[in-house]
Amino acid sequence: MKYFLYLLFIACSSSIIAGYFLEVDYSEKLIGFGVLGLFLLFFPLFTYHTWKNKNLQDYMLTKENLDKMREREGDNRKL
């Protein structure tokens with residue numbers, strides 16, 4: 001998956017760069033397909049790849065997590 005993401009990013013980036021620098025009739029389409037590839041393919045796959053083995057509850061602000069943060073900081077206030 002990691003290598004597929006690298007390849008996809010390089011393909012989308014090179015499509016955008018080629019669209020800017022090449023003087024062809026379809027240069028705007030190259031830029032458009034590169035941007036669509038980044039936002040519709042690369043970013044969702046990258047987000048899935050980085051979050052697939054993580055526990056979402058560790059990153060949410062629940063009462064338990066707030067109490068843990070307060071204990072680490074030395075703050076003894078209670079809500």
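Residues numbered from 1 in each chain as written. Predicted model: local features only at pLDDT ≥ 70, side-chain atom pairs only at ≥ 80, totals over all residues. Heavy atoms only, no water.

**Student:** Kindly report on a nonpolar patch on the surface, identifying the contributing residues and their values.
**Tutor:** On the surface, Phe33, Val35, Leu36, Phe39, Leu40, Leu41 and Phe43 cluster together to form a nonpolar patch covering roughly 700 Å² of accessible area. On the secondary structure map, Leu36 appears in helix H2 (residues 27-51). Look at Leu36 and you get partly exposed, because its relative accessible area is 44%. (Patch = residues over 30% accessible without salt bridge, like charges linked within 9 Å, V, L, I, M, F, W, Y side chains within 5 Å. Areas by Shrake-Rupley, 256 points an atom, 1.4 Å probe, with all protein chains shown as cover. Salt bridge = Lys/Arg side-chain N within 4 Å of Asp/Glu carboxyl O. Helix = DSSP H or I, 4+ residues; strand = E, 2+ residues; numbered from the N terminus. Buried < 20%, exposed > 50% of the residue type's maximum accessible area, 1.4 Å probe, protein only.)

**Student:** Any details on the nonpolar core? Residues and values, ideally.
**Tutor:** Of all hydrophobic cores here, the largest spans 6 residues; its members are Leu5, Leu8, Cys12, Ile16, Leu38 and Phe42. Listing elements by their share of this core, those giving two or more residues are helix H1 (2-21) and H2. Among the elements that line this core, the one with the most residues is H1, at 4 residues. Not counting residues within four places of it along the chain, the set of residues in contact with Ile16 comprises Leu30, Ile31, Gly34, Val35 and Leu38. (Core = buried A, V, L, I, M, F, W, Y, C linked by side-chain atoms within 4.5 Å. Contact = heavy atoms within 4.5 Å.)

**Student:** How would you summarise the pattern of salt bridges if you had to cite specific residues and measurements?
**Tutor:** Oppositely charged side chains can pair when the atoms bearing their charge come close. Using the criterion set out here, one finds 2 salt bridges in the structure. Among the ionic pairs, Asp67 bridges to Lys63, the shortest N-O distance being 3.5 Å. Separated by 4 residues within a single helix, Asp67 and Lys63 lie in helix H3 (residues 63-73), roughly one turn from each other. A network of salt bridges, in which partner residues are shared, links Lys63, Asp67 and Arg70.

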